[in-house]
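# Descriptive structure summary
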Protein chains: 2
Amino acid sequence: MTAYDFSSTRLFVDAPMSEGAQIDFDDGQANYLRNVLRMGEGDGLLLFNGRDGEWSARLVEVAKKRARAELVGLTRPQTPSGRLRWLFAPLKHARLDYMVQKAVEMGVSRISPAITRRTQVSRVNLDRMRANAVEAAEQCGVLAVPEINEPETLEAILARWPEGEPLVFCDEDAAGADPLAPLRALAGKPLALLIGPEGGFDPAERKALSALPQTVRIGLGPRILRADTAAVAALAVLQATVGDWSSGR
Amino acid sequence: MTAYDFSSTRLFVDAPMSEGAQIDFDDGQANYLRNVLRMGEGDGLLLFNGRDGEWSARLVEVAKKRARAELVGLTRPQTPSGRLRWLFAPLKHARLDYMVQKAVEMGVSRISPAITRRTQVSRVNLDRMRANAVEAAEQCGVLAVPEINEPETLEAILARWPEGEPLVFCDEDAAGADPLAPLRALAGKPLALLIGPEGGFDPAERKALSALPQTVRIGLGPRILRADTAAVAALAVLQATVGDWSSGR
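What you see as residue numbers is a count from 1 along each chain, following the sequence as written. By the order in which they are written, chains take letters starting at A while ligands take numbers starting at 1. In keeping with the predicted nature of the model, local features appear solely for residues at pLDDT of at least 70, side-chain atom pairs appear and are counted solely at 80 or more, and the whole-chain, interface and lining totals rest on all residues. Excluding hydrogens and water, the side-chain values take into account all heavy atoms of the structure.

Heads up, the rule is: UniProt positions are given in the numbering used here, feature names are shortened, and annotations may be inferred rather than shown by experiment.
By the naming in an unreviewed UniProt entry, chain A goes by Ribosomal RNA small subunit methyltransferase E and is assigned to Chenggangzhangella methanolivorans. Recorded under Function (unreviewed entry), the UniProt text for chain A is reproduced unchanged: "Specifically methylates the N3 position of the uracil ring of uridine 1498 (m3U1498) in 16S rRNA. Acts on the fully assembled 30S ribosomal subunit."

### Looking at the overall build of chain A
For the record, the criterion: Elements are defined by DSSP. Helices are runs of H or I of four residues or more, strands are runs of E of two residues or more, and each kind is numbered from the N terminus. Three labels apply to residues, based on accessible area from a 1.4 Å probe with only protein chains included: buried if under 20% of the type maximum, exposed if over 50%, partly exposed otherwise in between. Any two residues whose heavy atoms approach within 4.5 Å at even a single point are treated as in contact. The accessible surface values rely on the Shrake-Rupley method and a 1.4 Å probe; as for residues, cover is taken only from the protein chains in view. His residues and chain termini do not enter the charge count, which takes Lys and Arg as positive and Asp and Glu as negative. The atoms used to mark charge sites are NZ of Lys, CZ of Arg, CG of Asp and CD of Glu.
The secondary structure content of chain A amounts to 7 helices and 12 strands. Principal-axis analysis of the C-alpha atoms places the extent of chain A at approximately 60 × 40 × 30 Å. Taking all 249 residues of chain A together, the buried fraction comes to 54%. Residue pairs in contact within chain A that sit at least 24 positions apart in sequence constitute 72% of those at least 6 positions apart. When the accessible surface of chain A is split by element, carbon and sulfur atoms take 48% of a total near 10800 Å². Of the charged side chains in chain A, 30 are positive and 32 negative; the average position of the first set lies 3 Å away from that of the second.

### Some details on empty space enclosed by the protein
Threshold: Every definition here rests on a 1 Å grid over the protein atoms only: cavities are sets of points where a 1.4 Å probe fits but cannot get out, pockets are open sets enclosed by protein on both sides within 12 Å along at least five of seven lines, and lining residues have some atom within 4 Å of a point. Grid points are joined across faces, edges and corners, and a volume is the space filled by probe spheres set on the points. For this scheme, ten residues count as nonpolar: Ala, Val, Leu, Ile, Met, Phe, Trp, Tyr, Cys and Pro. Four count as charged, namely Asp, Glu, Lys and Arg, and the remainder, Gly too, count as polar.
Tallying each qualifying case throughout the model produces 1 cavity of 30 Å³ or more. Y98, K102, D228, T229 and V232 of chain A together with Y98, K102, D228, T229 and V232 of chain B are the residues that line the largest cavity. Mapped onto the lining of the largest cavity, the elements with two or more residues apiece are α2 (93-105) and α7 (227-242) of chain A together with α2 (93-105) and α7 (227-242) of chain B. Split by residue class, the lining of the largest cavity holds 4 nonpolar, 2 polar and 4 charged.

### Quick look at the nonpolar core
What counts is decided by this rule: By nonpolar core we mean a set of buried residues, namely Ala, Val, Leu, Ile, Met, Phe, Trp, Tyr and Cys, connected to one another through side-chain atoms within 4.5 Å.
Counting 99 residues, the largest nonpolar core has W86 and I195 of chain A together with W86 and I195 of chain B as its most contacted members. Residue contacts for W86 of chain A: discarding those within four places in its chain leaves M99, V100, A103, V108, R110, I111, S112, L193, I195 and A231 of chain A.

### What to know about the interface of chain A and chain B
The line we're drawing: Note on terms: buried area is the combined drop in 1.4 Å-probe accessible area of two parts once they are placed together, counting the loss on both. The term salt bridge refers to a pairing of a side-chain nitrogen on Lys or Arg with a carboxyl oxygen on Asp or Glu at a separation within 4 Å.
Residue-level contacts link 47 residues of chain A with 47 residues of chain B. Across the chain A to chain B interface the summed buried area is about 4400 Å²; carbon plus sulfur atoms make up 59%. The tally of links between chain A and chain B comes to 4 salt bridges. The partner of D228 of chain A in a salt bridge is K102 of chain B, and the shortest N-O contact between them spans 3.3 Å. Of all the elements in the fold, those that place two or more residues in the side of chain A that touches chain B are α2, α3 (126-140), α5 (180-184) and α7 of chain A.

### What about the relation of the copies chain A and chain B?
Two chain copies, one operation linking them: a rotation about an axis together with a shift along it. We apply this condition: The atoms used to superpose the copies are C-alpha atoms, taken from residues with pLDDT of at least 70 in both, and the fit is least squares.
Note on the identical chains: chain A maps onto chain B by a rotation of 180 degrees and an axial translation of 0.0 Å, with an RMSD of 0.0 Å. When the rotation and shift are considered jointly, the pair of chain copies conforms to a two-fold rotation axis. Comparing interface residues between copies, 100% of those in chain A also lie at the interface in chain B; the contact surface is shared.

### Side note on the domain arrangement of chain A
Residue and element names in this part refer to chain A. The criterion, for reference: Either an automatic procedure or a domain database provided the assignment from which the domain bounds are taken.
For chain A, the assigned domains read domain 1 (10-76) and domain 2 (84-241). Put simply, the middle of domain 1 and the middle of domain 2, counted by C-alpha atoms, are 33 Å apart. Between domain 1 and domain 2, the residue contacts involve 9 residues of the former and 9 residues of the latter. Of the roughly 690 Å² buried where domain 1 meets domain 2, counting both sides, 61% is carbon and sulfur surface.

### Focus: the environment of E172 of chain A
The topology assignment puts E172 of chain A in the loop between β10 (167-170) and α5. Between the alpha carbons of E172 of chain A and P80 of chain A there is a distance of 33 Å; along the sequence they are 92 residues apart.

### What about the confidence of the model for chain A?
Note that predicted coordinates carrying low pLDDT should not be read in detail. Worth spelling out the cut-off: Along the chain, pLDDT gives the predictor's confidence residue by residue, from 0 to 100.
Here chain A averages 90 in pLDDT, while 96% of its residues score no lower than 70. This prediction of the complex comes with two scores: 0.90 for pTM and 0.89 for ipTM.

### Here we look at helix α1 (residues 27-36) of chain A
Residues and elements named next belong to chain A. Keep this limit in mind: Here the arc refers to the directions that run from the helix axis out to each C-beta atom. Pairs of N or O atoms within 3.5 Å make up the polar contacts considered here, provided that, within protein, one atom can donate a hydrogen while the other can accept it, and that residues adjacent in sequence are counted only when both atoms are side-chain atoms.
Looking only at α1, the buried set comprises Q29, A30 and L33. Angularly, the buried residues of α1 cover 105 degrees about the axis, an arc narrow enough to put them on a single face. Among the exposed residues of α1, those oriented more than 90 degrees off its buried face are D27 and V36. Those residues of α1 hidden inside the fold are in contact with β1 (10-12), β3 (44-48), β4 (54-62), β5 (67-76) and α3. With a side-chain oxygen lying 3.1 Å from the backbone nitrogen of G28, the N-terminal cap of α1 falls on D26. Residue R38 follows α1 closely and has a positive phi angle near 55 degrees.

### Quick look at the side chain of R223 of chain A
With respect to the helices and strands, the residue R223 of chain A is situated in the loop between β12 (215-218) and α7. Exposure remark for R223 of chain A: the relative accessible area of 12% places this residue in the buried category. Among the polar contacts listed, one links the side chain of R223 of chain A to the side chain of D244 of chain B, at a separation of 2.8 Å.

### Here we look at the UniProt feature "domain: Ribosomal RNA small subunit methyltransferase E PUA-like" (unreviewed entry) in chain A
According to UniProt, the "domain: Ribosomal RNA small subunit methyltransferase E PUA-like" (unreviewed entry) feature falls on residues 25-71 of chain A. Taken end to end, residues 25-71 of chain A has its terminal C-alpha atoms 13 Å apart, with 21% of it in helix and 40% in strand.

Structure (C-alpha cells):
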C-alpha cells in the first residue's frame with residue numbers, strides 16, 4: 001500500500017502521452033466524466049496509458065458525446081510491468097470479474113486463462129476481462145496494465161512450458177508444508193502461478209503437473225480456500241517472498 | 001487447501017452433538033433443505049456446531065416448516081479455534097460481507113470491528129456479520145466459528161491493548177520493507193492483525209499506534225490494495241510465516 005489518493009479520478013487512455021498532448025476520450029469515458037462524475041472544463045484528473053507513466057491532465061472540452069483533456073505534467077514515471085504470470089481456471093461472471101481485479105491489485109503482469117478438465121466455464125469473455133483489468137488499474141494506481149492471453153487448455157500450456165520458468169502451483173495435497181521455503185529458491189527468476197479450479201485438478205492434469213520439472217508445489221494451509229481467495233493469498237506470499245514487496249528486489 | 005469436498009451440504013447448528021443425537025433445524029435451514037436443495041428423508045449431510053467436530057447426519061424428517069436429522073458418526077474432530085484476532089474498519093454492506101467471509105476462510109478466530117475516525121460506516125450489523133461468518137465456515141470446511149465482538153473505537157481498543165500481545169498493522173508508509181522479517185519474530189505468540197480504513201488512519205490514530213510498544217508494522221508492497229484485498233493478503237503472509245499453514249506450528 002502506498003499513500004496514493006483513492007479519491008482522484010484516474011483513467012486509462014490508449015494514446016501516446018507527453019507534455020501538452022491532447023487526449024480524446026472515448027464515448028464511454030466522456031459520458032462517465034460528464035454524467036457520472038459531473039466534471040467540466042478546467043477540472044483536473046490523472047491519466048495513464050500503461051507505457052508513459054501517469055500524467056496530471058485538465059479537461060479542455062466536455063460535450064455531449066466527447067471529451068478532451070490536455071496533459072499538464074508527469075506525476076509518476078512508468079513502472080516496469082514485472083514478470084509475474086498468473087494462470088487460472090476461469091470462474092463464472094461476477095466471481096471471475098472479482099478475481100481478475102484482485103490479481104491486478106496484487107501485481108500480476110500477464111493473465112492466462114487455463115481451461116482445465118473441471119473448469120465449469122466454456123467461453124471466456126476477453127473484452128470483459130480486459131475491462132476489469134483496466135478498472136482495477138485505474139482504481140488501484142497500477143500503471144502497467146497486464147497482458148491478457150487467449151484461453152488455452154492447461155494441457156496445451158504445460159506441453160510447451162518454457163524451460164527456465166518455474167510454475168508455482170497451489171496443491172491441496174501440500175497443505176501443512178511451509179509454503180515459503182520452496183518459494184525462496186525462486187529469487188530472481190520469472191514467476192508464474194497457477195490457481196486450479198474449485199473442483200481441483202483432474203488426475204491426468206495432476207500427473208502432467210508432477211511430470212513437469214519446472215513445477216513448484218506450495219500449500220495454502222489447512223482450510224479450503226475459494227479460488228479467488230487462493231489467488232490473493234498465493235500472490236501475497238509470492239510477492240512477499242520473491243516478488244516486488246521488498247524494494248531491494 | 002485440503003481435499004475437502006465442496007459439494008457436500010454442510011450446515012452449522014447450535015446444538016450439542018453426539019452419536020445418535022437428533023438435531024432440529026431452524027425454519028430457515030428447514031426451508032433451505034426442503035425447497036432450495038430439494039432434500040428429503042434419508043438424505044445425508046454434514047453438521048457442525050463449532051465445538052464438537054463435524055458429523056455425518058441423515059435427515060429423518062423433512063416437513064413444511066421443520067426438519068430433523070440424526071447424527072451418524074464423527075467425520076472430523078473439532079479443530080482448535082486458533083489465536084488470530086482480526087481487527088478492521090467496517091466497510092459498507094456487500095464489501096463487508098465479503099471481507100468477513102474471506103477472513104473466516106483465512107482462519108481468524110476472533111473478529112473485532114474497530115471504528116476509526118475515517119470509517120465511513122456508523123452502524124455495524126453484528127447478526128449479519130455472524131451470518132456471514134457461519135456461511136463461510138459452512139462453505140469452506142472451517143469447524144471453529146470465530147467469536148464476534150461488539151464494535152469499539154480504535155482508540156478505546158488501543159487504550160487497553162493486552163501487554164504481551166503483538167498487534168500487526170499494515171502501514172502504507174512501510175511499503176518497500178520486507179514484511180516477513182518482522183513477522184518471524186512473533187512465532188508462538190497470540191496474533192492480532194489490524195486492517196485500516198481505505199482513507200488510511202487519521203494522524204492521531206497513527207500516533208497512538210506508533211506509541212503502543214506491541215505494534216508491529218508491516219508493508220504490503222508498492223501497490224494500493226483495497227481493504228478486502230489487504231485483509232486476505234496480510235492474513236496469508238501471517239499464516240504462512242507464523243500461523244497455522246505449517247503443520248509443525
